[in-house]
Amino acid sequence: MSLLEQRYRFVLRMLPASYRAEREEEMVDAFLDAAGDVRDEDNLRPGLPEVASVAGLAVRTRIGGLGAPPRARATGDAVRLFALLGLGYLAALAWDNVAAELVLFGLVRAAPDEYLVTGEQWAWALLWIAQGLVWAAAFAMLALARVRPAKVLAVTGLAASVLMYAVLGVMTPETLGWGLLAFLFATALPVVALLSAYHADAPPVRPSAPLTAAPLGVAVLYEAFALTIGPRVADSPFEGVGWLAPWLDPQGVATAALLVAGTVCLTRRANPSLLLALAIAAVPMIALRAPFHYLGAQGDGVQAMALTMLAQAAALAVLAVALTVAAMHALPRVEGVPGVGQGRSA
């Protein structure tokens, strides 16, 4: 075996073992024929386009679509559902931020002549509004089965988030703490899921116009909830209400929703793809709820918040494990050699 052949076989290890068992020899022969007569002294390596093509094939076979075996198809459906849920969550947060920026910008006034943002700050307010609308548009495009525009908008939204945090000085080597890292991870993961799971072999997306308004509806409901419950908690005469605060912010509400939805799906033995999607969704929320940035903080209220967030992260971790185990048990243990279907290009 030549050195180049060894390197091609090493690259092909990205593919599932069952896929390599049937097609590895054929693929290696094709690669070597394209390379021509080479010697080990030439020290040739697989080209970047070849490696990229194998990586793309590995994604399509592991995150399956049309023509994939049950386990790979269930994994693919789970990642696609998580991408939809994750973008929906980001779009709901975006609508909530847009409303806050409109208030600060003065488009919505507390008094007839009161502007909360003046001078150069209006430009930043407009940029935050534009960024939020990009996330809302990305989810809307995916809900309307416009996958390519959804991918472009999602990548744009992620890049805009990173750039704006960097420009504002929030994301610097000195300030890049756990809270910001967790937020960036939770923001990037749905985008990665969108790019990887909606590939050429993914099943066609069913457009749903009403679904496009779901994040806005969730944001409106959350604002109504926050305006109703928040002041009552703040004005509560009882001490030690710090444990309640982590349940009232958007992440806390999402945590509660995940715990309820996951428990219901476990008790009703839901579809394995739904179980896996909720398990994946719990991962970024665990990172967001991990209270590492509160370590060493003083005050009973802060400590109560940290303990509550730690309990939330632990509950989500237990739920994620239970959902994953239930989903794996619901899938067949043995499957044939995965094939790559001829789906519609995303």
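Nothing here was measured: the structure is a model prediction, and the numbers come from that model.

## Observations regarding the overall build of the protein chain
(1) Moving on: Helix and strand counts for the protein chain stand at eleven helices and zero strands.
(2) Moving on: For the protein chain, with 346 residues in total, the buried portion stands at 38%.
(3) Moving on: Expressed as a percentage of contacts within the protein chain between residues at least 6 apart in sequence, the contacts between residues at least 24 apart total 75%.
(4) Moving on: Accessible surface, the protein chain: about 18,600 Å² in total, of which carbon and sulfur atoms supply 66%.

## Overview of the pattern of salt bridges
(1) Moving on: Evaluation of the coordinates by the stated rule reveals eight salt bridges.
(2) Moving on: In this structure, Asp77 and Arg73 form a salt bridge, with 3.1 Å as the shortest nitrogen-oxygen distance. Placement of the pair is Asp77 and Arg73 together in helix H4 (residues 70–105), with a separation of four residues, close to one helical turn.
(3) Moving on: Residue Asp77 is classed as partly exposed on the basis of its relative accessible area of 24%.
(4) Moving on: One salt-bridge network, held together by shared partners, links Glu5, Arg9, Glu24 and Glu25.

## What to know about the packing of aromatic side chains
(1) Moving on: This model, assessed by the stated rule, comprises two aromatic pairs.
(2) Moving on: Here the aromatic rings of Tyr8 and Phe31 are separated by 4.8 Å at their centres, their planes lie at 5 degrees, and the arrangement is stacked. A residue pair is termed long-range when its members are at least 10 positions apart, and Tyr8 in helix H1 (residues 3–12) and Phe31 in helix H2 (residues 17–35) qualify at 23 residues.
(3) Moving on: Here the aromatic rings of Tyr222 and Phe225 are separated by 6.4 Å at their centres, their planes lie at 40 degrees, and the arrangement is tilted. Separated by three residues within a single helix, Tyr222 and Phe225 lie in helix H8 (residues 214–234), roughly one turn from each other.

## Notes on the environment of Ala213
(1) Moving on: Mapped onto the fold, Ala213 is located in the loop between helix H7 (178–197) and H8.
(2) Moving on: For Ala213, a relative accessible area of 44% corresponds to the partly exposed category.

## A look at the confidence of the model for the protein chain
(1) Moving on: When the pLDDT values of the protein chain are averaged, the result is 81; 79% of them are 70 or greater.
(2) Moving on: Here residues 108–112 scores under 50 on pLDDT; set against residues more than four positions off or in separate chains, the count is four contacts.
(3) Moving on: When the criterion is pLDDT under 50, residues 334–346 qualifies, and its contacts beyond four places in sequence or with other chains add up to 42 contacts.

## Some thoughts on the environment of Pro291
(1) Moving on: Within the element layout of this structure, Pro291 appears in the loop between helix H10 (272–289) and helix H11 (300–330).
(2) Moving on: For Pro291, a relative accessible area of 8% translates into the label buried.
(3) Moving on: For the pair Pro291 and Thr308, spaced 17 residues apart in sequence, the C-alpha to C-alpha distance is 8.9 Å.
(4) Moving on: Sequence-distant contacts of Pro291, defined by excluding residues within four places in its chain, comprise Ala306, Met309 and Leu310.

Conventions used here
- Residues numbered from 1 in each chain as written.
- Predicted model: local features only at pLDDT ≥ 70, side-chain atom pairs only at ≥ 80, totals over all residues.
- Heavy atoms only, no water.
- Helix = DSSP H or I, 4+ residues; strand = E, 2+ residues; numbered from the N terminus.
- Buried < 20%, exposed > 50% of the residue type's maximum accessible area, 1.4 Å probe, protein only.
- Contact = heavy atoms within 4.5 Å.
- Areas by Shrake-Rupley, 256 points an atom, 1.4 Å probe, with all protein chains shown as cover.
- Salt bridge = Lys/Arg side-chain N within 4 Å of Asp/Glu carboxyl O.
- Phe/Tyr/Trp six-rings, centres within 6.5 Å; stacked < 30°, edge-to-face > 60°.
- pLDDT = per-residue confidence, 0-100.

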